[in-house]
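# Architecture and fold: a report
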Amino acid sequence: MDVREKPIGIFDSGIGGLTVAKEIMELLPKENLVYFGDTARVPYGSKSKETITRFAYQGVDFLMKQDVKMIVIACNTVSATCLEELRQKLPVPVVGVIVPGARAAAKATRKGVIGIIGTERTVSSMAYEKAVRELNGSAKIISKACPLFVPLVEEGWLDNEVAYFTARTYLEPLKKEGIDTLVLGCTHYPLLKPTIKKVMGEEVVLVDSALETAKEVAGILREKSLARESGKPATYRFFVSDNPEKFVKVGERFLQRPIDPIDVVDPEI
Ligand code: DGL
């Protein structure tokens, strides 16, 4: 089989990685995709390094069995925890979301004062800080975990009063610090963009790692001559580890396209 025909594998802890899948679908419409969301074990963001790493190995093993040509770790928490380890062990290119997001933040900031929000695990790993500092050694970085954002998005509460109050409570301190750029360092957060914007104001640039990651994927496909050229329409396959009905319901509303076919798999087998 022509390697360029093989799908790109996208791994996330659940539904949030569809923000990355959507950007890839838009930027690279010819690419076949296989998505695996570990919906049985989400959220990863509050779990230990060891548990997240074990889950990540099982998830990427499953994708490798689908004969993918590249793996995108759409989950910020996994990218922050064990990306390098995965990269060294896997025989295909592995793209994470942290470096693309950090690069965009370093480019966007005018005053060098950057806010980073993510899950507890992503924030405590300092992975975004390290990546931003490599590009801008003098940047002032303020990080904050926003654990309630994930359940808000899962519930579809994107712009109601609860979402606004939660965003204000988490983000007011960052605003007071005078950040001019805010990295949305979690798959779910781009869905809260309008609410976050309302709190932060128009002047603060919101960096969406999903879009930056799609650009990174495009660059690697070009560089490694892996881009699909066939004129046949791209195919998308979705796998979850539990609750496909909820994934389809929320996912279709977000992607604005059918999620079909979808299968339930056990990544531990
Ligand atoms: N996908 C996770 C991330 O981007 C958010 C959900 C979770 O905690 O598993 O960090």
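Preceding this paragraph is the structure being described.
Below, the structure is looked at part by part. All values reported here derive from a predicted model rather than from experimental measurement. (Residues numbered from 1 in each chain as written. Predicted model: local features only at pLDDT ≥ 70, side-chain atom pairs only at ≥ 80, totals over all residues. Heavy atoms only, no water.)

## Some details on the state of the cysteines
Applied cut-off: Our working definition of a disulfide is a cysteine sulfur pair at a distance within 2.5 Å.
Across all of its chains, the model carries 0 disulfides by this definition. In this model Cys-82 remains outside any disulfide bridge; the closest cysteine sulfur is found in Cys-75, 9.0 Å from its own. No disulfide involves Cys-146; its nearest neighbouring cysteine sulfur is the one of Cys-186, lying 9.0 Å away.

## Quick look at the site of the ligand
The condition is simple: To be near a molecule or strand, a residue needs just one of its heavy atoms within 4 Å of it. Polar contact is the term for a pair of N or O atoms within 3.5 Å; when the atoms are in protein, one must be able to donate a hydrogen and the other to accept it, and sequence-neighboring residues count only if both atoms are side-chain atoms. Values of accessible area rely on a 1.4 Å probe in the Shrake-Rupley scheme; residue burial ignores everything except the protein chains shown. In the scheme used here, Gly and all other residues not listed as nonpolar or charged are polar, with Ala, Val, Leu, Ile, Met, Phe, Trp, Tyr, Cys and Pro taken as nonpolar and Asp, Glu, Lys and Arg as charged.
With respect to spatial proximity, 13 residues lie near the ligand, and among them Ser-13, Tyr-44, Gly-45, Thr-77 and Thr-187 are the closest. Asn-76 is positioned with one of its backbone polar atoms (N or O) 3.0 Å from an oxygen atom of the ligand. Contacts to the ligand include Thr-187, whose side-chain N or O atom sits 2.9 Å from a nitrogen atom. Alone, the ligand offers 290 Å² of accessible surface; in the complex the protein occludes 99% of this. Tallied by class, the residues present in the shell around the ligand amount to 5 nonpolar, 7 polar and 1 charged.

## A closer look at unusual backbone geometry
Keep in mind that most residues, glycine aside, have a negative phi and that most peptide bonds are trans. Counted only if it meets this: Strands are runs of DSSP state E lasting at least 2 residues, helices are runs of H or I lasting at least 4, and numbering of each runs from the N terminus.
Pro-43 follows Val-42 through a cis peptide bond whose omega is 5 degrees. Tracing the backbone through its elements, the reader meets Pro-43 in the loop between β2 (33–37) and α2 (49–65). Here Asp-260 and Pro-261 are connected by a cis peptide whose omega angle stands at 5 degrees. Note on placement: Pro-261 falls in the loop between α11 (244–255) and β10 (262–264).

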